[in-house]
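The primary structure of each chain is shown beneath.
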Amino acid sequence: MARGVIKARHAVLLLLCVMYFLTYMDRVNVSTAAEAFGKDLGFSDTQVGLVFSLFAYPYLVFQIVGGWFADRFGPRWTLAVCCMVWAAATVFTGLATGIYSMVFARLLLGLGEGATLPVATRAMADWLPGGKSGWAQGLTHAAARLGNAATPPLVAALIIATSWRGAFVITGLGSAAWAIVWFWYYRDDPRRHPAMTMEDEAMLPPPRELAARRPIPWMRLARRMAPVTFTYFCYGWTLWTFLSWMPKFMLHQYHLDLKHSALFASIVFLGGMIGDALGGLISDRILRATGSLVRARRDLVVACLLLSLVSSIPILFVHDATSAALTLGAAFFFAEMTIGAMWATPMDIAPQLAGTASGLMNCGSALAAIISPTVFGVIIDRTGSWPLPFVGTMILMAAGAVGAFCMHPERPFDAEPRPPMPGALKLGLR
């Protein structure tokens, strides 16, 4: 990462890609290990679904808190501390002895990971040129999907080599190592980084001071972000269905062993990784070609959600693992193509409050993470039908496509009229 070897902004982006990889590995490793720890600890499918979703409760709350911390105190300290918390939670998961200790570990994981994506968005807003926001968001989320794809075979191998407990301890220690590197390399003000050149500095966005001395218009910003949050909830329902249950779906629906179910789940997640990388790139290219945020963000999201819905339909009829993996891989590919545009939208709407705005948006996905895995587990326990829960993802994709029409990324938040002060109408003031 020395001067002249790799540009500082690219090094920061690389570090963020590694972080996204690790966060998703540490939150979905329970999916691959579920069969092992479920039998070891005597959990039903409903209890396993509860374990999947528990982390999302503090994760939901800390979307907003984490984004606010990033805007107020900066990403350097915020990400380092959060990473240490989620690393400890991953290790504690491997030490769980029953439902209560597993509950504690998963809640602690949500506490640590809740702030990560909004804080990373603030870091990107400070370090990267504005025209690269969709590409950067797509790239980092592609790294997250690479984590999803790599986790099933990696965790399966670790379980075979050590145990399900050892798999959690090893992955947790890897996250702790990242926190140390991040704190050593990153600077909240990129202009103060020792590897920053004059050429790179000229490409940076205008300096954005931290929000320590100015109040955040919470209610007005929440109302502005509400359609974005709803759309992201609809996408998040599909995301958390896939992340939580894909290995067990492949294992039970097609009667595979742990190794082969992990392999087919990885094929699905690789489709998402490609979709992330392409979606952000295409969104920015549309923006450069047309100058229209509506076409580059909203229209791309609508088209991809509908394509994901159509691609999901065959899962109700296919009867072999290969066809299922290809069908769900295509559905996940189109769903993930929305990510670059979706995460660039808060940066377009409120660049000065990118952390808080993106935290509000990601509350939608966090809420879906609470509901979706639990609903999936309940449906399986009551009906025994593994394809049936995917009907819910199709319905939510359609709803998200409709909600996306109200996002309006072309309307900057700071340029919108503020509500008049009390008594202003009587005084004729604005």
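Model, not experiment: these values are computed from the prediction.

Student: Teacher, can you tell me more about the overall build of the protein here?
Tutor: Check the secondary structure of the protein and you find 17 helices and 0 strands. Taking 22 Å as the expected radius of gyration for a compact globule of 430 residues, we find that the protein reaches 21 Å, a close match to that expectation. Taking the principal axes of its C-alpha atoms as reference, the protein extends roughly 70 × 45 × 45 Å. Across the 430 residues that make up the protein, the buried fraction comes to 58%. Intrachain contacts of the protein at a sequence separation of at least 6 include 85% that bridge at least 24 residues.

Student: Even after reading the chapter, I still don't get the packing of helix α12 (residues 293-312) against helix α16 (residues 390-403), so can you show me in this structure?
Tutor: The description of two packed helices rests on the angle between their axes and on the distance between the axes. Running from amino to carboxyl end, α12 crosses α16 at an angle of 165 degrees, the nearest separation of the two axes being 8 Å. Here α12 is positioned roughly antiparallel relative to α16, judged by the angle of their axes. Remark: the crossing between α12 and α16 carries left-handed chirality. Contacts between α12 and α16 pair Val302, Leu305, Leu306, Ser308, Leu309 and Ser312 from the former with Met394, Met397, Ala398, Gly400 and Ala401 from the latter. In the contact of α12 with α16, the residues fall into 8 nonpolar, 3 polar and no charged.

Student: Looking at this model, I keep getting lost on the packing of aromatic side chains. Mind explaining?
Tutor: Aromatic ring pairs: the centre-centre distance and the angle between the two ring planes describe each pair. Summed over all chains, the structure comprises 24 aromatic pairs. Ring geometry for Phe242 against Phe390: centres 5.9 Å apart, planes inclined by 85 degrees, an arrangement best described as edge-to-face. Of this pair, Phe242 sits in helix α10 (residues 218-253) while Phe390 sits in helix α16, and the two are 148 residues apart along the sequence. Taken individually, Phe242 and Phe390 each receive the classification buried, so the pair is uniform in this respect. For the cation-ring pair, Arg76 lies above Phe183, with the distance from its terminal atom to the ring centre recorded as 4.2 Å. One residue, Arg145, lies across the ring of Tyr24, its end atom 4.7 Å from the ring centre.

Conventions used here
- Residues numbered from 1 in each chain as written.
- Predicted model: local features only at pLDDT ≥ 70, side-chain atom pairs only at ≥ 80, totals over all residues.
- Heavy atoms only, no water.
- Helix = DSSP H or I, 4+ residues; strand = E, 2+ residues; numbered from the N terminus.
- Rg over C-alpha atoms; globule rule 2.2 N^0.38 Å.
- Buried < 20%, exposed > 50% of the residue type's maximum accessible area, 1.4 Å probe, protein only.
- Contact = heavy atoms within 4.5 Å.
- Axes fitted to C-alpha atoms, helices over the stretch in contact; angles between N-to-C directions.
- Parallel < 35°, antiparallel > 145°, perpendicular 65-115°, else oblique.
- Left-handed = near helix turned anticlockwise from the far one by under 90°.
- Nonpolar A, V, L, I, M, F, W, Y, C, P; charged D, E, K, R; others polar.
- Phe/Tyr/Trp six-rings, centres within 6.5 Å; stacked < 30°, edge-to-face > 60°.
- Lys NZ or Arg CZ within 6 Å of the ring centre and 35° of its normal.

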